[in-house]
Every structure is written in structure tokens, then in C-alpha cells.
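# Coordinate inspection notes
In case you want the letters, here they are:
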Amino acid sequence: MILIEIEEGEIIVHIDYSFSIVSTLMSIIEWALIGYLAFRSYKKLSAKPKVWKVILAIFVGLFSFTINMEWFHTFVKIPILPLGVWILYAILNRKEERWDTYRRFAWIGFLANFIFLAGTLLTIPVQSLIYPENHLSTYISGTKEASVNVIHPSGEGRTLDQEELKKQLSEVKQVEFESWQWFDEAGGRYSNHERFPFQLVGTKPKWGSGLEPDIYVEQDGKGILISTRKTQYYYHFPETVLKEAKR
């Protein structure tokens, strides 16, 4: 999303990096296919109904009983029963001609659920191919406005070294971790020690990824934790990316 603001006579353009280009393009393809099917069915009718009624029939047909399941950290809906089709049938079956006119559009609505399902399943590998989830560059591609917020008292007195962060992004290595071990090492729930006392803000994810991760910096400035809605990734820098704050 692009936002344009005018401040003191200057035009300022803000680009929203949370925009997901893969999902957006897939949605356009899905609705284009649904529109094509509806257009073909509409042309075959001798008596053309009003377009808004056709659109309404399609949207009612979308209602269905679904089974929700998780696939590669993504929730997908599998349509089982065409509730919308049954609703339209109950309303229109008193006049056979009306049901014969709109039933094909109701079924297109139900079919649309499978089109959306196929689009979701196709989006997963395409998104992972273009924006690898285990690559730090997917989450941090711009550091010009990067800084750290101290979220625990143990982080007081230090700030982010932007130059070091930018320089070391290409040298970072992903490391496997066990969060329960970190919890035990820190002394449990009531410990005063925090492994990640800084939150990294002001960075930009790769354009079009649609990702909005929470990013945390380790106590020594050599580790970084990426937390997404799906999972977490931990990376280690060769040198610290923190420095003593100026007083």
C-alpha cells in the first residue's frame, strides 16, 4: 500500500512493506476465474437476469460447511456441504424458472471455495520460493531507520550500531535452538535475566513479502530472534551490533 501525505508543502510517500504481492496476485487470478465462469454461464442464458442478482447468487453460494486444517503453518478451509446452494434452493424452488436461472451461479459460488483452496495451496510454495522464510534478508532488507527499544532493564545503556548491523547482515548464520533451554538457563519465570532485552524496530522486510515479524536482539548483541505468526528463527552475528549509548 502506498500512502501520500503533504506536510509543510512537501509531498511524502510512504510505502507499506506489509503488502503481500503473491497473495494479491493470486486473489486477482481467483476472482478472474470466477468471473470468467459466471460470464460464460450468463451468456448461455436466453433470458438475462439482472447482473446484481447474479452476483448475489454467487456470494450466497459461497456459504458452505467447511473443515479447517493446518497445512505448512497455514490454515486452509476445505468445503464439504453447499449451504448457500441449499439456501437459494429453499428460497427459489417455488418458481422452477427462477431456480433454473440462478442455480448455476449458486454452484459457481460453491465452486469458488475450491478455487480459493487451490489458490491458497499454490500460494504456499510460491511464497516460500520468492521469500524464503528461513532467510534473514526476507525480514530485514532495509536498516536506514533501524533502532532498538529497551524492553527489559538489563538492556539499559546500549543502543543499536546501524553500520555494524548493515555490514553483518550478509554474514549472519541461522542457528537451531530450543526455547525451553533458554528458559531454564535464564532461571525460569521469575528470573531478572532476559535473554532478549531489545526489540529491533524501524527495519523493512523484503518488499511484497507481506511479513510483519517481531524482531528481538540478544543481550550481547550477537543474536537476533525473528518471531512470526507461524514460527521463530534465531540468527547469530560474528560481532555485536550494539554499542554503548551516549550520555
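Attention in this report is confined to the structure presented alongside it.

Across the sheet, which stays open at both edges, the six strands sit in the order β5-β8-β9-β10-β11-β7 with antiparallel pairing between neighbours. With one partner strand each, in any of the chains shown, β5 (147-150) and β7 (173-174) form the two edges of the open sheet. The pairing of β5 with strand β8 (residues 198-201) spans four bridges and is classified as antiparallel. Bridging across to β8, Ser-147 finds its partner in Val-201.

Turning next to the layout of surface pockets. Empty space within the largest pocket amounts to approximately 740 Å³. Around the largest pocket, the lining is made up of 30 residues, and of these Thr-74, Gln-127, Leu-211, Arg-229 and Lys-230 lie nearest the centre. Those elements giving two or more residues to the lining of the largest pocket turn out to be α1 (21-44) and α4 (96-130). With six residues, the single largest contributor to the lining of the largest pocket is α4. Considering only residue class, the lining of the largest pocket consists of eight nonpolar, 16 polar and six charged.

As a further point, take the packing of α1 against helix α2 (residues 51-61). In contact at an axis separation of 12 Å, α1 and α2 are set at 125° when each is read in the N-to-C sense. Relative to α2, the element α1 is oriented oblique. Read as a crossing pair, α1 and α2 show a hand that is right-handed. Side by side, α1 and α2 meet where Trp-31, Ile-34, Ala-38 and Tyr-42 of the first sit next to Val-51, Val-54, Ile-58 and Phe-59 of the second. For the contact of α1 with α2, the residue count by class is eight nonpolar, no polar and no charged.

Relative orientation of the contacting elements α2 and helix α3 (residues 83-92) amounts to 130°, with a least axis distance of 7 Å. Considered as vectors, α2 and α3 are oriented oblique to each other. Each of Ala-57, Val-60 and Gly-61 in α2 lies in contact with α3, whose residues at this interface are Gly-84, Val-85, Ile-87 and Leu-88. Taken together, the residues of the contact of α2 with α3 break down into five nonpolar, two polar and no charged.

Thresholds, definitions, all that
Residues numbered from 1 in each chain as written. Predicted model: local features only at pLDDT ≥ 70, side-chain atom pairs only at ≥ 80, totals over all residues. Heavy atoms only, no water. Pairing = 2+ DSSP bridges. Helix = DSSP H or I, 4+ residues; strand = E, 2+ residues; numbered from the N terminus. 1 Å grid on protein atoms, 1.4 Å probe; cavity = no way out; pocket = protein on both sides within 12 Å on 5 of 7 lines; lining within 4 Å. Points joined across faces, edges and corners; volume = space filled by probe spheres on them. Nonpolar A, V, L, I, M, F, W, Y, C, P; charged D, E, K, R; others polar. Axes fitted to C-alpha atoms, helices over the stretch in contact; angles between N-to-C directions. Parallel < 35°, antiparallel > 145°, perpendicular 65-115°, else oblique. Left-handed = near helix turned anticlockwise from the far one by under 90°. Contact = heavy atoms within 4.5 Å.

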